[in-house]
Amino acid sequence: MRRLCFALSLALLTGSAVAAVPASAPPVTLTPDRPAAPTAASPDARLERGRYLAIAADCMACHTAAGGKPYAGGYAIDSPLGTIYATNITPSKNGGIGHYTEADFARALRKGVRADGSHLYPAMPYTSYAQLTDEDVGDLYYYFMQAVKPVDEPARQTVLPFPFNMRLSMLGWNTLFLDNKRFVPDPAKSAQINRGAYLAEGLAHCSACHTPRNMLMAEIGSQTLAGAALGSWHAPNITSDKVSGIGAWTDAELTAYLKTGHVEGKGQAAGGMAEAIQNSLQFLRDDDVAAIVAWLRTVPPVRAPGQTKAAFSHGSAGSEEPVLRGMASSTEHHSLNSGAVLFSGYCASCHSASGAGSTGQAYPALFRNTATGGATPANLVSAILFGVERKIEGEEHEAFMPRFDQRSYVQPLTDEQIASIANYVLKQYGNPDVSVTPADVAQARSGGEKPVLARMQPFMLPGGIVGILLLIALFVWLRRRRCRQSNT
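Each value, and the rule that gives it
- Residues numbered from 1 in each chain as written.
- Predicted model: local features only at pLDDT ≥ 70, side-chain atom pairs only at ≥ 80, totals over all residues.
- Heavy atoms only, no water.
- Helix = DSSP H or I, 4+ residues; strand = E, 2+ residues; numbered from the N terminus.
- Expected span 1.5 Å × (residues − 1).
- Buried < 20%, exposed > 50% of the residue type's maximum accessible area, 1.4 Å probe, protein only.
- Contact = heavy atoms within 4.5 Å.
- Axes fitted to C-alpha atoms, helices over the stretch in contact; angles between N-to-C directions.
- Parallel < 35°, antiparallel > 145°, perpendicular 65-115°, else oblique.
- Pairing = 2+ DSSP bridges.
- Polar contact = N/O pair within 3.5 Å; in protein donor to acceptor, adjacent residues only side chain to side chain.
- Core = buried A, V, L, I, M, F, W, Y, C linked by side-chain atoms within 4.5 Å.
- Patch = residues over 30% accessible without salt bridge, like charges linked within 9 Å, V, L, I, M, F, W, Y side chains within 5 Å.
- Areas by Shrake-Rupley, 256 points an atom, 1.4 Å probe, with all protein chains shown as cover.
- Salt bridge = Lys/Arg side-chain N within 4 Å of Asp/Glu carboxyl O.
- pLDDT = per-residue confidence, 0-100.

Engineer: Would you mind showing me how to read helix α17 (residues 415–429) here?
Structural biologist: Each α-helix turn comprises 3.6 residues. Residues three or four places apart therefore point the same way. For α17, spanning 15 residues, the distance from its first C-alpha to its last is 21 Å, which sits close to the expected 21 Å at 1.5 Å a residue. Those residues of α17 lying buried are Asp415, Ile418, Ala419, Ile421, Ala422, Tyr424, Val425, Leu426 and Tyr429. Against α13 (339–346), α15 (370–373), α16 (378–386) and α18 (438–445) lie the buried residues of α17.

Engineer: Honestly, the packing of helix α1 (residues 45–56) against helix α5 (residues 134–146) in this entry has me stumped. Any pointers?
Structural biologist: To describe two helices that pack against each other, one gives the angle between their axes and the distance between the axes. For the pair α1 and α5, interaxial distance at closest approach is 7 Å and the crossing angle is 100°. Put simply, α1 runs roughly perpendicular to α5. Here Arg46, Leu47, Arg49, Gly50, Arg51, Leu53 and Ala54 of α1 come into contact with α5, specifically with Asp136, Gly138, Asp139, Leu140, Tyr142, Tyr143, Phe144 and Gln146.

Engineer: Before we go on, may I ask you to explain unusual backbone geometry in this structure?
Structural biologist: Leaving glycine aside, a negative phi is the common case for residues, and trans is the common case for peptide bonds. Look at Tyr71: it is not a glycine, yet its phi comes out positive at around 65°. As for its position among the elements, Tyr71 is in the loop between α2 (59–63) and β1 (76–79). A positive phi angle, close to 70°, is found at Met217, a residue other than glycine. Locating Met217 in the fold gives a position in the loop between α8 (207–210) and β3 (228–230). We classify Met217 as buried; its relative accessible area is 7%.

Engineer: Would you mind showing me how to read the pairing of strand β2 (residues 82–85) here?
Structural biologist: Remember that side chains alternate between the two faces of the sheet whenever the strand is regular. When β1 meets β2, the two strands line up antiparallel, connected through 4 bridges. Residue pairing across strands places Asp78 opposite Thr83, the latter belonging to β2. The hairpin formed by β1 and β2 contains 2 residues between the paired strands.

Engineer: I would appreciate a short explanation of the side chain of Arg49 in the present structure.
Structural biologist: Considering the arrangement of structural elements, one finds Arg49 in helix α1. Within the structure, Arg49 has its side chain in polar contact with the side chain of Asp139 (distance 3.1 Å).

Engineer: Looking at this structure, I do not really get helix α11 (residues 286–296). What am I missing?
Structural biologist: The element α11 is extensively covered by neighbouring structure, given that 8 of its 11 residues are classed as buried. Regarding α11, the residues found buried are Asp288, Val289, Ala291, Ile292, Val293, Ala294, Trp295 and Leu296. Tucked into the core, α11 has its buried residues touching α1, α7 (191–203) and α9 (251–260).

Engineer: It is not clear to me how the nonpolar core should be interpreted in this structure. Could you clarify?
Structural biologist: Taken as a class, soluble globular proteins show a tendency for nonpolar side chains to be buried jointly. In this structure, Tyr71 and Phe144 are the most contacted members of the largest nonpolar core, which totals 79 residues. In contact with Phe144, other than residues within four places in its own chain, are Ala54, Cys59, Tyr71, Ile89, Pro91 and Phe105. Core analysis: the next-biggest nonpolar cluster, separate from the first, contains 28 residues, Ala340, Ala348, Leu426 and Val441 among them.

Engineer: Just to check I follow, could you spell out a nonpolar patch on the surface for this structure?
Structural biologist: On the surface, Ile465, Ile468, Leu469, Ile472, Phe475 and Val476 cluster together into a nonpolar patch covering about 570 Å² of accessible area. In this structure, Ile468 sits in helix α19 (residues 452–487).

Engineer: Explanation requested: the confidence of the model for the protein in the structure shown.
Structural biologist: As a general rule, the predicted coordinates of low-pLDDT regions are not to be interpreted in detail. Per-residue pLDDT for the protein averages 86, and the proportion of residues at 70 or more is 87%. Low pLDDT (under 50) marks residues 1–42, which in the prediction has 157 contacts with non-local residues, meaning those over four places away or in another chain.

Right, dumping it as structure tokens:
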């Protein structure tokens, strides 16, 4: 997960019933920023299993900062409660986890408690990793201690505002919400489905992004995988429902999405999901991807209230380009004054004037696209603001769309301009019942809607002080009353 999640995303998803990856598993192709594979003539099979598990768990995504050393931490996770910096998990005894025993490692991974006894925040998805088998935890520990290059520099420390900086409070949170049980295969399901469940529910921690959370930021069990806000992005419904979820996707389409992040006529991965595919899912063995797909078919369907049409079924090609010609004089200074004109200027060169995208769909069509046909415009707005980057090994070109926020090297657009483009795209190619306001864009630009807990934070300290003063006053009043009663 950029996960809480805190990850924060666009995700589609992230056994042998509970067996570790077989020793005969073929080596996984490594991207240049991953630790090198063992160079010995006979590679260490346990190390290979650990490396594969680390890829399946997507450890790289959160524990490696942009341009940083593998697993050295420092990656900023923009959670609703503040910025959380991922820790250094290299085997350095100075900056990392080199002093951890295997028991320490297991406790951090499955209970969210560091070797020094302090608690981790659930931006680290230990609530999912709790399901991992002892064998897999051992193989992960072996890999990190034996194959990852130590980095002695400690990662930046996380400092959240009061009261979220009180890590001890996670003890109560864990008591309420951490189910510290290992994965148990369902004897009524096939080995393939059980393997998919183990991968998706445990290692890939799909629910951490795709399940809505309650007021205390814990997953709502009755809405598992029904879709959730992930910062400015929206992690979609991936239950088996044919309208709101992925029930109408074919097995081949789901497989292609997990391996490449792109399915023509359905959707493209961006945000956190693009990271999950780039760093993790594309490197899974074909049989493991097939297991995840088989398991997805068994997830109970959850239908969004009022939704009657699948997100990918909206829209068709159409162009207003001919009527825009000659509307403005050559000397006009404010000609970019409508969504259609802005789209023509900033979007049509890649997505075509008709919204049909480019040949081969390197730049996808804007109709029959889950980002434009969804019940929420969050992913459309976020894609315009923050762009799309996704690299798949073996593909000649990287999937790329420039960002148009204040960091854009193309042209920073205002909230009003982005809202105009989004509304034009929604009306012309997507779900016409959805609209975007400049305030919606401003909210996305600032990280998305804040949950109740985050909105309450400014009042917690003064509220706590008032509460303490009231308790003191009550204590004094009761003491005086008792003294008066004893004197009469």
